[in-house]
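Architecture at a glance
Below, each chain spelled out in residue letters.
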Amino acid sequence: MTLSEEKTLITDIRRRPIKFLGFEIKAIKGKAKNGHILVSKPNQQRLKGKVNEIHKTIKKIKRATKKEDLIHWINLINSKIRGQIQYYECTTKVNVYLRKYADKLHYAAYLKLRKHGGYKMSAKQVDNLRSVHEKYNTKIPVIEYNDLKIGVTRLDFCTWQKAKNKSPKETPYTELGRQVHMNRTGKKPLKVRADELLSMNWSKIIKIGHKEKIYNFEYFMNRAYAFNRDKGKCRVCKEVLQGEDIHIHHINPKLPLDEVNRVSNLASMHEHCHQIIHSSKDYSTVGKKTWEKVLGFREKLSLT
C-alpha cells in the first residue's frame, strides 16, 4: 500500500488540531494523567457546506402543491438535520458549534411554511420526532395536517453523546455479528425507535398516494404511537421488533376513515406474524400462546 503524502502526516495535537473525516481534534491542558485532554469539534468548513445543502433543500419547499407534498419535504429536511446532529454529537460542546447555524435554517423554514399556513409553536407540543422535541420549549415552525402538528426541527436540538467503542464482533457477515447488531440496536430508547418508524419510505408513499385510503398520514403518524404503546414488541409472538421487520396491523380495517387509524385499532407485529393473521392456513405449530393470538386477530377480522 502506498501512502498519500498529502493525507499522511504526523502532528503534535498539543500545538495544532488535526482534521479528519469532518472533525477537528486537539489536546489541551487539563486534569488527566498526561496533563492533557482531548477536545473535538466539527470542522467548520465541512459543517458550513452541509448546512448550505440543507438550506437549499428548504428552499425547495416551494415546489409543494399540496399538504402531503409539504409533509414529505419536512421529513426530508428533518432527516438531514438529524443526520448532522447524530454525526457530530460525539464532539465536545456539539450544541455550541451547531447553534451557530441553527437560526439560519430555522428562519428559512419558517418563511417557507408561513406561505402554507405555517406558524411557530413550542417543540414539545408537536407530533413528530417526539423523542427529540419533548425536551425543548423552543418554538419551531409547524403546519397542521389532520389535527397533527408537524414541525421542522432545529440543528441545535442536540447534546453531547459519549462515543462507544466499536465491537469487532458486530458484522453483517456472520450470524453472531448480526445478533450483536440486533441486540445493540434493540436497546435504543423506545421513543427513539418509534421515531424511526416514521421513515422516508413511508413519507414518500404518503406523498405520491396509496391505493387504499386507510393508509393516510394519520396511519403513518400513529404507527409510532402504537409501537410505543406495545413497548416495541410484537402483539402476536411477544418478541422484540427489529428494523424493517415491523408491520402495523389494522385490527378492524372496515371502520370509518376517521376511526380506522386510531391507535386503539393498530397493532405492532412482525411481518411474518402479520402474514399469518391474513392467511387461512393452519399455523398451530408456532406454539399455543402465539396461535391463540393469531386466532384472536383472525376472529376480529372475520367479524368485519
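Everything discussed here concerns the structure shown above.
Given the structure is predicted, the values throughout are model-derived calculations rather than measurements. (Residues numbered from 1 in each chain as written. Predicted model: local features only at pLDDT ≥ 70, side-chain atom pairs only at ≥ 80, totals over all residues. Heavy atoms only, no water.)

1. Focus: the nonpolar core
- In this structure, Ile-58, Ile-81, Leu-98, Ile-150, Leu-155 and Phe-217 are the most contacted members of the largest nonpolar core, which totals 33 residues.
- Elements that contribute at least two residues to this core include exactly helix 1 (44-59), helix 2 (67-88), helix 3 (94-114), strand 5 (139-145), strand 6 (148-151) and helix 8 (217-229).
- In this view, Leu-155 contacts Val-51, Ile-81, Gln-84, Ile-85, Leu-98, Tyr-101, Ala-102 and Leu-105; residues no more than four positions away in its chain are not counted.
- Counting 20 residues, the second-largest nonpolar core is a separate cluster that includes Ala-226, Val-236, Ile-246 and Val-294. (Core = buried A, V, L, I, M, F, W, Y, C linked by side-chain atoms within 4.5 Å. Buried < 20%, exposed > 50% of the residue type's maximum accessible area, 1.4 Å probe, protein only. Helix = DSSP H or I, 4+ residues; strand = E, 2+ residues; numbered from the N terminus. Contact = heavy atoms within 4.5 Å.)

2. Section: the packing of aromatic side chains
- With the rule as written, the count across this model stands at 4 aromatic pairs.
- Taking the centre distance of 4.0 Å and the plane angle of 10° together, the rings of Tyr-136 and Phe-157 count as stacked. Separated by 21 residues along the polypeptide, Tyr-136 in the loop between helix 4 (130-133) and strand 5 and Phe-157 in the loop between strand 6 and helix 5 (175-185) bring together distant segments of the chain. The two residues Tyr-136 and Phe-157 agree in class, both being buried.
- Among the aromatic residues, those joined into a cluster by ring pairs are Phe-23, Tyr-87 and Tyr-88. (Phe/Tyr/Trp six-rings, centres within 6.5 Å; stacked < 30°, edge-to-face > 60°.)

3. Digging into unusual backbone geometry
- Although it is not a glycine, Lys-231 sits at a positive phi angle of roughly 60°.
- Of note, Lys-231 is situated in the loop between helix 8 and strand 7 (247-250).
- Assessed through its relative accessible area of 62%, Lys-231 is described here as exposed.
- The phi dihedral of Lys-238 falls on the positive side, at around 70°, and the residue is not glycine.
- Mapped onto the secondary structure, Lys-238 falls in the loop between helix 8 and strand 7.

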